[in-house]
Amino acid sequence: MNDRIALFFDIDGTLFDGKTKSILPSTLKALEILKNKENTDIYLSTGRSHETLGMMKSYSQYFRGMNLSNGQEIMIDGKFNYGEIFDKDVLSRLLDVSVKMNTPMGLILKNEIVMNFITEASTYCFTTYIRNDVKNLNFEPFDLNQDVIQIWLFATNDEIDEMKKSFPELSFLKWGNYGADVIPKGASKARGIKHIQELMDYKLENMYAFGDGDNDVQMFKNVGTSVAMGNGSLKAKANATFVTDDISEDGLYKALLKLNLL
């Protein structure tokens, strides 16, 4: 194994401040320092897909690789590796339930995002956080021959809990108070990180993860040290090595200083 340090950063609520819709100056300063350290590799580790990175694409030069779509898309040194795709029968059932419950879904393909239909709430999420072009099917049938690697479900937590009862073969990773990533059971940021570790030969004690959501919990368990943001979910905080300040209070920068990584 090598002695390089590997840092894995969630995007929303960790690197990207949804309130200011920007990356804070202290975070940019940290990324610049880390990028120029000879013994350090930094990665994005997010529920977003490559197609939905939005403004984060302009910062891609800071990262050696990306653990995307909750481990379903992995990129290292510009080369992609894809995880499990959705079973066609399961996807068909999920699309039917989505319409019945009026909970739209964003179907994440390798090179496109397709919405089965759009509501005011889903439109708000895309225009506020992602700002990415989507193809709206407007209730027209989705071509099940296309490979779906992840789904964004636009629903309340109660609706998500109701839907997941019918789909034990899927994992529903809540964003917070609204919405969820939906992926095949077994897929996760943690599995993506494990794959990267095996490819790059990192030591566990040299691996660090930073996040704020429920979908970061498994990732926290696959690294030596984990940091939850002060604005993070209760589950994220309970499973982290320690909790730093809120993102708006330069929490990420402070955590990196505390860990002597800058």
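Residues numbered from 1 in each chain as written. Predicted model: local features only at pLDDT ≥ 70, side-chain atom pairs only at ≥ 80, totals over all residues. Heavy atoms only, no water.

J.: I would appreciate a short explanation of the overall build of the protein in the present structure.
T.: Regarding its fold elements, the protein presents eight helices and 14 strands. A compact globule built from 262 residues would reach a C-alpha radius of gyration of about 18 Å, and the protein, at 18 Å, matches this within 12%. Here the C-alpha coordinates of the protein stretch approximately 50 × 35 × 30 Å along the principal axes. Taking contacts inside the protein between residues at least 6 apart in sequence as the whole, the part at least 24 apart equals 56%. Separation between the mean location of the 29 positive side-chain charges and that of the 36 negative ones in the protein comes to 4 Å. (Helix = DSSP H or I, 4+ residues; strand = E, 2+ residues; numbered from the N terminus. Rg over C-alpha atoms; globule rule 2.2 N^0.38 Å. Contact = heavy atoms within 4.5 Å. Lys, Arg positive; Asp, Glu negative; His and termini not counted. Charge placed at Lys NZ, Arg CZ, Asp CG, Glu CD.)

J.: So what exactly am I meant to see when it comes to the pairing of strand S13 (residues 225–228) here?
T.: For a regular strand, side-chain orientation follows a simple rule: the groups alternate between the two sheet faces. Here S13 shows no split at all, with Thr 225 and Val 227 on one side and Ser 226 and Ala 228 on the other all buried. As defined by bridge partners, strand S12 (residues 207–211) adjoins S13 across four bridges and the pair is classed as parallel. Paired with Phe 210 across the bridge in S13 is Val 227. Note that S13 and strand S14 (residues 242–243) share two bridges and pair parallel. Directly across from Ala 228, in S14, lies its bridge partner Val 243. (Buried < 20%, exposed > 50% of the residue type's maximum accessible area, 1.4 Å probe, protein only. Pairing = 2+ DSSP bridges.)

That's the geometry; what it means functionally is another story.
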